[in-house]
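# Descriptive structure summary
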Amino acid sequence: MSVVKRYALPVFCCLGLFCARAQEPAMNYDESLVPDYVLPDPLTCSDGTKVTDAATWTSKRRPELLALFETQVYGKAPGRPEGLHFKVLGEDRYTLGNMATRREIAVYFTDDETHFMTILLYIPNKRTDVVPIFLGLNFKGNHTICDDPLVTPSIPRTAPGKGPSDGFPRAAAASRWPVEMLIANGYGLATVYRGDIDPDYDDGFQNGVHPLFYRDGQTRPEPDEWGTIAAWAWGLSRAMDYLETDEDVDCERVAVIGHSRLGKAALWAGASDPRFAMVVSNESGCGGAALARRRYAETVARINRLFPHWFCENYKQYAGNEDALPVDQHELVALIAPRPVYIASAAEDKWSDIRGEFLAGVHATPVYELFGLEGLPDTELPENDAPEQSGYIGYHVRSGGHDITPYDWRQFVKFADKHLKR
Ligand code: GCU
């Protein structure tokens, strides 16, 4: 694929103050300093054969790429556990001004019920049939997503000393979750607190779901086994296991969505679990939609240093060595084909690499074309607030900073109306 720019990144070496940083390239925010790179071709198999039809993609190239992302980037997850079971904890048919039904469901990961996550589900009351839904993890607890006094507060699982020890206040994240708007547009919403699945800090994989699946004598994941992002994605798939059983949900029309680190998880969930009918990545950045080889803003080295628990151990070998990665993030987007995917960036969120996120959509497009579908029709970054939604890869840059706003959600709903509404 195309070679872009020429430049050798300087090495950041701060008199040996931090060994880990010694090999870390300086942070680059200058487009003219993006180094030359050659992206791996999603349509060339590892044995060199070219993929020219959808059947070969699906039977040969897709599994090959999926395995590379599994073993080199996010880590292999255990699949659906045998003991998985659900309990509806409560239901209220008259919530959000009688517009919606609220249901809370415990998803137990094992028979012995030692560990569970709670799904908070809202279903529009105005419905004649099963409804499409958006499913996404939340950062601060189920009770923070809207001003509904009866939602069971999630048990806070922040790093010791980080965040309020007794949890975030109710509705603390309401600006990010336009529940009423979704309900008014005929969508349900399901959400789970990320900390229910795996708390977001490096504790050697002891306090989340990982230990439930350790083999005898195992104390942490193997180098090709799941980190925290893969655990979150796995949790989204377990939520999907429940949604398949809910009589008000159309499990064939579930859009998985996430912002930032949870956007990375949503992309991996959508790529690895084809039951998700649509995927939305909001400002997912490095390890999400942004191309790693661009080394723009957040890099593989930096993300692994600051968040050593997010990816599998194997991913660390690509720190400062992105050209050796057998994949790049356009191929993560391509794994979602032929299902619709929306990539959203924000103009002031340079940390997430706006152009890198856009280019992942551009370079995933040939895979959509194999299916006779339009991917991302533009090859030039659109103006701010000018969404491109005509193909199966939607894209926009919203004015403003790193956040997920009602503007973003309105675009996702428009895109979902096109692809999921019947
Ligand atoms: C940090 C991190 C990003 C991540 C973001 C978030 O900025 O470097 O990779 O996306 O947190 O989740 O808000």
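Located above this text is the structure these notes cover.
Report on the accompanying structure. Quick caveat, the model's predicted, so the values are computed rather than measured.

## With respect to the overall build of the chain
In terms of helices and strands, the chain carries 10 helices and 9 strands. When the backbone C-alpha atoms are referred to their principal axes, the chain occupies close to 60 × 50 × 40 Å. Sorting the 422 residues of the chain into buried and exposed places 57% on the buried side. Pairs at least 24 residues apart make up 69% of the contacts formed inside the chain by residues separated by at least 6 positions. With the model as given, the accessible surface of the chain reaches about 16,600 Å², and the carbon-plus-sulfur share is 52%. When the 43 positive and 59 negative side-chain charges of the chain are each reduced to one mean point, those points stand 2 Å apart.

## A few points about the sheet that holds strand S8 (residues 341–346)
Backbone-to-backbone hydrogen bonds join strands into a sheet, with any given pair of strands oriented parallel or antiparallel. As summarised here, the arrangement of the 9 strands in space is S1-S2-S3-S5-S4-S6-S7-S8-S9, forming an open sheet in which the pairing is mixed. Edge positions in the open sheet fall to strand S1 (85–95) and strand S9 (393–398), since each of these has one partner strand only. Averaged over all pairs of adjacent strands, the angle between strand axes in this sheet comes to 20°, irrespective of strand direction. Where strand S3 (residues 116–124) lies against strand S5 (residues 188–193), 4 bridges are found, and the strand directions are antiparallel. Its bridge partner being in S5, Ile 119 is matched across the sheet by Val 192. Sheet strands in contact with helix H6 (residues 261–272) are strand S4 (131–138), strand S6 (249–259), strand S7 (278–282) and S8, and its direction is about 145° off that of S6.

## Considerations on the site of the ligand
Taken together, the residues surrounding the ligand are Ser 260, Arg 261, Lys 264, Glu 298, Ile 303, Phe 307, Trp 310, Trp 351 and His 402. The side chain of Ser 260 places a nitrogen or oxygen atom 2.7 Å from an oxygen atom of the ligand. Measuring from an oxygen atom of the ligand, one finds a side-chain N or O atom of Glu 298 at 2.5 Å. Protein coverage of the free-state accessible area of the ligand, which is 320 Å², stands at 83%. Counted by class, the shell around the ligand contains 4 nonpolar, 2 polar and 3 charged residues.

## Here we look at the side chain of Arg 238
Position of Arg 238 among the secondary structure elements: in helix H5 (residues 228–243). Arg 238 gets classed as buried once you look at its relative accessible area, which sits at 5%. At 3.4 Å, the side chain of Arg 238 and the backbone oxygen of Gly 79 are in polar contact. Those residues within four positions of Arg 238 in sequence are excluded, and the remaining contacts are Gly 79, Arg 80, Pro 81, Leu 84, Phe 86, Val 107, Phe 109, Met 117 and Arg 275.

## Examining the layout of surface pockets
A probe as big as a water molecule, rolled over the atoms, marks out the empty space that is left. Quantified by volume, the largest pocket comes out at close to 460 Å³. In terms of lining residues, the largest pocket is bounded by 22 residues, among which Lys 162, Arg 194, Asp 200, Arg 261 and Phe 307 are the most central. Partitioned by chemical class, the residues of the lining of the largest pocket number 7 nonpolar, 7 polar and 8 charged.

Thresholds applied
Residues numbered from 1 in each chain as written. Predicted model: local features only at pLDDT ≥ 70, side-chain atom pairs only at ≥ 80, totals over all residues. Heavy atoms only, no water. Helix = DSSP H or I, 4+ residues; strand = E, 2+ residues; numbered from the N terminus. Buried < 20%, exposed > 50% of the residue type's maximum accessible area, 1.4 Å probe, protein only. Contact = heavy atoms within 4.5 Å. Areas by Shrake-Rupley, 256 points an atom, 1.4 Å probe, with all protein chains shown as cover. Lys, Arg positive; Asp, Glu negative; His and termini not counted. Charge placed at Lys NZ, Arg CZ, Asp CG, Glu CD. Pairing = 2+ DSSP bridges. Axes fitted to C-alpha atoms, helices over the stretch in contact; angles between N-to-C directions. Near = heavy atom within 4 Å. Polar contact = N/O pair within 3.5 Å; in protein donor to acceptor, adjacent residues only side chain to side chain. Nonpolar A, V, L, I, M, F, W, Y, C, P; charged D, E, K, R; others polar. 1 Å grid on protein atoms, 1.4 Å probe; cavity = no way out; pocket = protein on both sides within 12 Å on 5 of 7 lines; lining within 4 Å. Points joined across faces, edges and corners; volume = space filled by probe spheres on them.

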